[in-house]
Amino acid sequence: MAMGELAWSGVIDHAWVPRSGRPRDRGVTMVIDTGLGLAATADLIETSGPYIDHWKLGFGTSAAVPRDLLRRKLALLASHGFLTYPGGTLLEVAIVQQHCRVFMGRARDLGFSAVEISDGTLPLPITRRRNVIRCAIDAGLVAITEVGKKDPTAQLDPREFGDIALQDIEWGASWVVVEGRESGRSVGIYNENGDITDELLEGIAKAMGDKLDRLIWEAPLKPQQAALVRRFGNDASLGNIECYGVLALEALRAGLRFETLQPIVERRRRLGQWKPEQVEKDLGVEVNG
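In what follows, the accompanying structure is described.

How each quantity is defined
Throughout this document, residue positions are counted from 1 along each chain, in the order its sequence is written. For a predicted model such as this one, the threshold for reporting local features is a pLDDT of at least 70, and the threshold for listing and counting side-chain atom pairs is 80 or more; totals across whole chains, interfaces and linings nevertheless cover every residue. Derived side-chain values reflect all non-hydrogen atoms in the structure, with water molecules and hydrogen atoms excluded from consideration. When a carboxyl oxygen of Asp or Glu is within 4 Å of a side-chain nitrogen of Lys or Arg, the pair counts as a salt bridge. For helices the rule is a DSSP run of H or I covering at least 4 residues; for strands it is a run of E covering at least 2, with both sets numbered from the N terminus onward. When accessible area is computed with a 1.4 Å probe and restricted to protein chains, residues below 20% of their type maximum are described as buried, those above 50% as exposed, and intermediate ones as partly exposed. Whether two strands pair depends on DSSP finding at least two bridges between them. Orient the strands so they point away from the viewer; a crossover is then right-handed if the path from the first strand over the helix to the second runs clockwise. The nonpolar core is taken to be a set of buried Ala, Val, Leu, Ile, Met, Phe, Trp, Tyr and Cys residues, with the residues joined through side-chain atoms within 4.5 Å. The contact criterion used throughout is that any non-hydrogen atoms of two residues lie within 4.5 Å. Note on definitions: angles span 0 to 180 degrees between N-to-C directions of axes, and those axes are lines fitted to C-alpha atoms, for helices only across the stretch in contact. It is the rotation of the near helix from the far one that decides the hand of a crossing: anticlockwise by less than a right angle makes it left-handed, clockwise makes it right-handed. Gly falls in the polar group here, along with every residue not listed as nonpolar (Ala, Val, Leu, Ile, Met, Phe, Trp, Tyr, Cys, Pro) or charged (Asp, Glu, Lys, Arg). One less than the residue count of a helix, multiplied by 1.5 Å, gives the span that helix is expected to have. The directions considered for the arc run from the helix axis to the C-beta atoms.

## Structural notes on the pattern of salt bridges
Next, step 1: Under the definition given, this model contains 17 salt bridges.
Next, step 2: Between E250 and R253 there is a salt bridge, and its shortest N-O distance comes to 3.9 Å. Note that E250 and R253 are positioned in helix 9 (residues 246-253) at a spacing of 3 residues, about one turn of the helix.
Next, step 3: Connected via shared salt-bridge partners are D119, R129, K149 and D168.

Here it is in structure tokens:
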């Protein structure tokens, strides 16, 4: 996706924290869309498109949209190179109704390029999970799995998480989403206040080993996004980002918000690269009062 000259080019270096461009194989941003119309979708692409990689139509929302409208929306998204998929809850419903292959065929027919495979609500035996991944790939779709339960009382420990996620990747999943729900509370690595439980985070990171970059951390809340960027760098892959929070996240990644600017400033002071007491050189610019 082509981008014109940035508004502050030549004054503010937006890329002073190196960031990979689209198409990205790490550091992806997955937005969760719960009902944007065509005009709003086009507006979001215009303002934030270069910073979006995955476009998820959350949970079962796409089932309430007229077929022709959804096809036009997905065609628009496809023309800009986004990976698009319905939420995993919709597939879980299809599995309960025993329509897995029919679901995959319809997803492809509508214009989705991927599917999210989850068992956040229903139990999915490991052999059936493998079959669903294969079913998606056979239909020409990118398989994205989600690991974790939505029930706060049924959470996985890091070793269980790693075993499932690594197996998914071996079976053909391109990405694994870390369950965080839309609330970001009492699920996955988050406690009831939405704070990250460091022991769980580090346990999952250790369990994933060299496949850590295949994870997309659902992080709907700004403090979660900031903590994950600080821990894994600005190329941490983050999901469940509100549509109108994409630019705010990109500013965070680029060191243009307090949470990520502060450590950059402190490091530059330590290295002598910036001195607050140093007077700027006179640029010969006359200031009129």
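Structure's up, so let's keep going.
## Re the pairing of strand 4 (residues 114-117)
Next, step 1: Neither face of strand 4 is left uncovered, since the one carrying A114 and E116 and the one carrying V115 and I117 both have all their residues buried.
Next, step 2: Pairing of strand 4 with strand 5 (residues 142-147) involves 4 bridges; the strand directions are parallel. Bridging across to strand 5, V115 finds its partner in A143.
Next, step 3: Handedness of the crossover is the feature at issue here: the chain leaves strand 4, passes through helix 5 (residues 126-138), returns alongside strand 5, and the resulting connection is right-handed.

## Examining the nonpolar core
Nonpolar side chains tend toward joint burial in soluble globular proteins.
Next, step 1: The biggest cluster of nonpolar side chains holds 57 residues, and the ones touching the most others in it are W55, M104, F161, W217, L228 and L238.
Next, step 2: Considering each element in turn, this core owes the most residues, 5 residues, to helix 4 (residues 100-110).
Next, step 3: Setting aside residues no more than four positions away along its own chain, L238 makes contact with V28, T29, M30, I216, W217, A219, Q225, L228, V229, L249 and R253.
Next, step 4: Core analysis: the next-biggest nonpolar cluster, separate from the first, contains 9 residues, V28, L83, A114 and I144 among them.

## Digging into the packing of helix 5 against helix 6 (residues 158-171)
Next, step 1: Put simply, helix 5 and helix 6 touch, their axes get as near as 10 Å, and they point 40° apart. As for the relative orientation of helix 5 and helix 6, their crossing is right-handed in sense. Across the interface between the two elements, I126, R129, R130, I133, R134 and I137 of helix 5 pack against I164, D168 and W171 of helix 6.
Next, step 2: Counted by class, the contact of helix 5 with helix 6 contains 5 nonpolar, no polar and 4 charged residues.

## Some remarks on helix 5
Next, step 1: Across its 13 residues, helix 5 extends 18 Å between first and last C-alpha, which sits within 8% of the 18 Å expected from 1.5 Å per residue.
Next, step 2: Regarding helix 5, the residues found buried are R129, V132, I133, C135 and A136. Along the axis of helix 5, the buried positions cluster into a sector of 160°, meaning they face one direction only.
Next, step 3: On the buried face of helix 5, the contacting elements are helix 3 (88-96), helix 4, strand 4, strand 5 and helix 6.

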